[in-house]
Amino acid sequence: MSAPPTPHAELPARTLVGVWSALVALTGALVAANRYAPGNPGIVATMVITPAKVSLVLWYFMHLREEGRAVRYMLLTAACTITIFVGLLMLDYSFR
Amino acid sequence: MTAAGHAAPHRDDAGSRMGMWLFLLSELLLFSGLFIAYAAYRSIHREEFHHAGAELNAALGAANTVVLLTSSLTVALGVRALRVGREREVPRWIGATILLALAFLAVKAIEWTTKYRHGLFPGRPELAALPPGERLFFGLYFAATGLHALHVVAGAVVLSVAAALVARGRVRSDAPVVLENAGLYWHLVDVIWIIILPLFYLAA
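Residues numbered from 1 in each chain as written. Chains lettered and ligands numbered in written order. Predicted model: local features only at pLDDT ≥ 70, side-chain atom pairs only at ≥ 80, totals over all residues.

## Remarks on the overall build of chain A
The condition that has to hold: Secondary structure is summarised from DSSP: a helix means a run of H or I of at least four residues, a strand means a run of E of at least two, and numbering begins at the N terminus for each. The size measure is the radius of gyration over C-alpha atoms, and the globule rule it meets is 2.2 Å times the number of residues to the 0.38 power. Our exposure labels follow a C-beta count within 10 Å of each residue's own C-beta, placed from the backbone: buried means 20 or more other C-beta atoms, exposed means 12 or fewer, and partly exposed covers the counts in between.
Helix and strand counts for chain A stand at three helices and zero strands. Counting from the amino terminus, helix and strand elements in chain A follow one another as α-α-α. The C-alpha radius of gyration computed for chain A amounts to 17 Å, which surpasses the reference 12 Å derived for 96 residues by more than 25%, pointing to a less compact arrangement than a globule. For chain A, the spread of C-alpha atoms along the three principal axes comes to 50 × 35 × 10 Å. The buried share of chain A, reckoned over its 96 residues, is 22%.

Structure, rendered in structure tokens:
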């Protein structure tokens, strides 16, 4: 077990509302990009905006900023595992 | 031992939170199986996934995203209220979250009902007559959104129990981990929907 997380100052409510506003704005940008710039630009927007939204939820709403290294490494390991699986899958299909 | 001779109840907030994160990761890997299957089949049936995606209502998908993001905000505000000692606010924030969960499920029910009427539902002959790629798309769509909807229901129940414990004074600001863990589960439900939106609703 890692050391207990360092105490953090509680986030102000307006910061949480600001994060929510950013998430809604990013959702609008994602939908607009896929509607008005389909194809590669839409895919690039999805690859950038979706991880950004997930990161905002993890960091602020799920208090990942307060967690120790163990939880952060666990998450990183899971993300890397999924990325490796998808990457190997795509490589497999690309060279068939 | 306390002066009365009773052992103090054991508490391990750090362990509790670590256990919750491990559980959330197992949930993430559960959905990842579906997402990897989606990636595999989409690479084989690009055009058919594109056509099938056009049958989904992107506006409703985006609206439901805003509903879930707002519910994540109300949960975060509820957890914050507990942590700063404003326990009386918690049931209101969690109540708002439950209402938003019901709104999400109502929109989902409208979507599924519409798909059923159009024959785009598992077991319907109209769906069976579609090309293989489109059948796979709708199979994955119903599996992912159905599994996600079950998680929404479970999350709403868990949050209701946690809010009731706060209202009865059994979860307090000096030990908020029960509500924090319930909130973590709810945020995971939000994270999974954030991934589902572009995969299915914006696939066209």
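## Examining the environment of Val 157 of chain B
Among the structural elements, Val 157 of chain B can be located in helix H6 (residues 132–167). Residues Val 157 of chain B and Asp 13 of chain B, 144 residues apart in the sequence, show an inter-C-alpha distance of 22 Å.

## Some thoughts on helix H2 (residues 40–61) of chain A
For clarity, the cut-off: Working rule for helices: expected span equals 1.5 Å times residues minus one. Along the arc lie the directions from the helix axis toward the C-beta atoms. Any residue pair is listed as a contact if its two C-beta atoms, each placed from the backbone, are within 7 Å.
Taking 1.5 Å of rise per residue, 22 residues should cover 32 Å, and H2 of chain A covers 31 Å from first to last C-alpha, within 8% of that figure. Residues of H2 of chain A that are buried: Gly 42, Ala 45, Ile 49, Thr 50, Lys 53, Val 57, Tyr 60 and Phe 61 of chain A. In an axial view of H2 of chain A, the angular spread of the buried residues amounts to 130°, which keeps them on one side of the axis. Away from the buried face of H2 of chain A by more than 90 degrees, exposed residues Asn 40, Val 44, Met 47 and Ser 55 of chain A are located. The inward-facing, buried residues of H2 of chain A contact helix H1 (13–36) of chain A together with helix H3 (58–83) and helix H7 (177–201) of chain B. Just downstream of H2 of chain A lies His 63 of chain A, where phi reads positive at about 60°.

## Re the domain arrangement of chain A
Under the convention used in this document: Start and end positions for the domains come from either an automated domain assignment or a database one.
As far as domains go, chain A holds domain 1 (12–62) and domain 2 (68–96). Its C-alpha centre places domain 1 of chain A at a distance of 21 Å from the equivalent point of domain 2 of chain A.

## What about the nonpolar core?
Threshold: Residues of type Ala, Val, Leu, Ile, Met, Phe, Trp, Tyr and Cys that are buried and joined through C-beta atoms within 7 Å form what is called a nonpolar core.
Membership of the largest hydrophobic core comes to 69 residues, with the highest contact counts inside it found for Val 90, Leu 159, Leu 179, Ile 192, Ile 196 and Phe 200 of chain B. Secondary-structure elements contributing two or more residues to this core are H1 and H2 of chain A together with helix H1 (13–44), helix H2 (46–53), H3, helix H4 (90–117), H6 and H7 of chain B. Top element by residues in this core is H7 of chain B. It accounts for 16 residues. Ignoring any residue separated from it by four or fewer positions in sequence, one finds Leu 179 of chain B in contact with Val 79, Leu 82, Val 90, Ala 162, Val 166 and Val 171 of chain B.

## As for the interface of chain B and chain A
Listed as interface residues are 33 residues of chain B and, on the opposing side, 31 residues of chain A. Elements that contribute at least two residues to the side of chain B that touches chain A include exactly H1, H3 and H7 of chain B.

## Overview of the packing of H1 of chain B against H6 of chain B
Axes are the key here: two packed helices are described by the angle between their axes and the distance separating the axes. Residue and element names in this part refer to chain B. The following threshold applies: Note on method: axes are straight lines fitted to C-alpha atoms, helices fitted across the in-contact stretch only, with angles between N-to-C directions ranging 0 to 180 degrees. When describing relative orientation, an angle under 35 degrees is termed roughly parallel and one over 145 degrees roughly antiparallel, while 65 to 115 degrees is termed roughly perpendicular and anything else oblique. The handedness criterion is simple: a crossing whose near helix is rotated anticlockwise from the far helix by less than a right angle is left-handed, and one whose near helix is rotated clockwise is right-handed.
It is the contact of H1 with H6, at a shortest axis distance of 11 Å, that shows an interaxial angle of 165°. Of the possible angle classes, the one that applies to H1 and H6 is roughly antiparallel. Judged by the sense of rotation from one axis to the other, the crossing of H1 with H6 is left-handed. Contact with H1, carried on its side by Leu 34, Ala 37, Tyr 38 and Tyr 41, involves Leu 136, Leu 140, Ala 143 and Ala 144 of H6 and no other residues of that element.

## Quick notes on the confidence of the model for chain A
What counts, and what does not: Every residue carries a pLDDT, the predictor's confidence in it, which falls somewhere between 0 and 100.
Of the residues in chain A, 92% reach a pLDDT of 70 or more, and the chain-wide mean stands at 87. Between the elements of chain A, mean pLDDT differs from a low of 86, seen in helix H3 (residues 69–94) of chain A, to a high of 96, seen in H1 of chain A.

## So, the environment of Thr 70 of chain B
With respect to the helices, strands and loops of the structure, Thr 70 of chain B is situated in helix H3. For Thr 70 of chain B, a count of 19 C-beta atoms within 10 Å gives the class partly exposed. Remark: the alpha-carbon pair of Thr 70 of chain B and Pro 91 of chain B, spanning 21 residues in sequence, is separated by 16 Å. Not counting the four nearest positions on each side in its chain, Thr 70 of chain B is found in contact with Trp 20 of chain A together with Leu 100 of chain B.

## Things to note about the packing of H6 of chain B against H7 of chain B
Residue and element names in this part refer to chain B. Under the convention used in this document: Charged means Asp, Glu, Lys or Arg here, nonpolar means Ala, Val, Leu, Ile, Met, Phe, Trp, Tyr, Cys or Pro, and polar covers whatever is left, Gly included.
Remark: H6 packs on H7, axes separated minimally by 9 Å, with the N-to-C direction vectors making an angle of 160°. Taken together, the axis directions place H6 and H7 in an arrangement best described as roughly antiparallel. For H6 against H7, the interelement crossing comes out left-handed. Of the residues in H7, those in contact with Tyr 141, Ala 144, Thr 145, His 148, His 151, Val 152, Gly 155, Val 158, Leu 159, Ala 162, Leu 165 and Val 166 of H6 are Val 178, Leu 179, Ala 182, Tyr 185, Trp 186, Val 189, Ile 192, Trp 193, Ile 196 and Phe 200. Residue classes in the contact of H6 with H7 are distributed as 18 nonpolar, four polar and no charged.

## A few points about the confidence of the model for chain B
Caution applies to low-pLDDT regions: their predicted coordinates should not be interpreted in detail. On average, residues of chain B carry a pLDDT of 93, and 97% of them reach 70 or more. Confidence metrics for the complex model read pTM 0.91 and ipTM 0.91.

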